[in-house]
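Now for the letters of each chain:
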Amino acid sequence: MRVIAGKARSLHLKTIEGLDTRPTTDRIKETLFNMINDELYGASFLDLFSGSGGIGIEALSRGARKAVFVESSRKAAACIQENLKFTRLASDGEVLVMDVFRALDLLAVRGESFSVIFMDPPYNRDLEKEVLSRLKDSPLVTEETLLIVEASLETDFFYLEEFGYEVLKRKEYKTNVHLFLQRAKGADT
């Protein structure tokens, strides 16, 4: 796994061993970032279920102002810290070693909001639904915030309209999908 473009281009990132994380392949990561490149310069980026941090680090490398990584595994969080140091992006990244829901509460209390929120939760456990439910009324999300969900192809997002989200784009791959969302205009906040 490597950084595709930007300041840290071509640097190889560490990943944790085992099946606890699924690093996004370089090809899928490149497609994703080509789609959102215009949103990144000066952005505040929230990377939920960060794994080894490859997505948030790519965002920083491509011009995001800051990235907050949320990862509950201490081993994976240590890997993110190492990758941030290795890419010389540590001053722009913050790693929260905690459950995603605790992190969302903490960030809201701190008065944060984000330009881009990316989540890649474990597949087929409805965690994306739980997170999107939490974010629908959260100050972390503005009308301009771009939310990106990586999920298995089988994931049913039937609830999005009810939660007040509008689907901007859907990009399917062999086994997974990226869903690009925004708060629907006029949705209650």
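Scroll up to find the structure.
In this report, we go over the structure that sits alongside the text. This one's a predicted model, so the numbers in the text were calculated from it and none came from an experiment.

**Points about the nonpolar core**
Among the nonpolar cores identified, the biggest contains 32 residues, and L46, L48, L104, V131, L132 and L135 are the most heavily contacted of them. Elements with a contribution of two residues or more to this core: β1 (44-48), β2 (66-70), α4 (100-109), β4 (114-119), α5 (127-135), β5 (141-152), α6 (160-163) and β7 (176-183). It is α4 that provides the largest number of residues to this core, a total of five residues.

**Notes on α5**
Every buried residue belonging to α5 is among L127, E128, V131, L132 and L135, and all of these are buried. Take α5 and look down its axis: the buried residues cluster within an arc of 130°, on one side only.

**Some points on helix α3 (residues 74-86)**
The end-to-end C-alpha distance of α3, which contains 13 residues, comes to 18 Å, matching closely the 18 Å that a straight helix rising 1.5 Å per residue would cover. Elements in contact with the buried residues of α3: α2 (54-61), β2 and β3 (93-96). Phi turns positive one or two residues past the end of α3, at R88, with a value near 60°.

**Focus: the sheet that holds β2**
Read across the open sheet, the seven strands follow the order β3-β2-β1-β4-β5-β7-β6; overall the sheet is mixed. A strand with exactly one partner marks an edge of an open sheet, and here the two such strands are β3 and β6 (165-172). Put simply, the sheet's adjacent strands are angled 15° from each other on average, direction ignored. Bridge count between β6 and β7: seven bridges; the pairing is antiparallel.

What counts, and where the lines are drawn
Residues numbered from 1 in each chain as written. Predicted model: local features only at pLDDT ≥ 70, side-chain atom pairs only at ≥ 80, totals over all residues. Heavy atoms only, no water. Core = buried A, V, L, I, M, F, W, Y, C linked by side-chain atoms within 4.5 Å. Buried < 20%, exposed > 50% of the residue type's maximum accessible area, 1.4 Å probe, protein only. Helix = DSSP H or I, 4+ residues; strand = E, 2+ residues; numbered from the N terminus. Arc of directions from axis to C-beta. Expected span 1.5 Å × (residues − 1). Contact = heavy atoms within 4.5 Å. Pairing = 2+ DSSP bridges. Axes fitted to C-alpha atoms, helices over the stretch in contact; angles between N-to-C directions.

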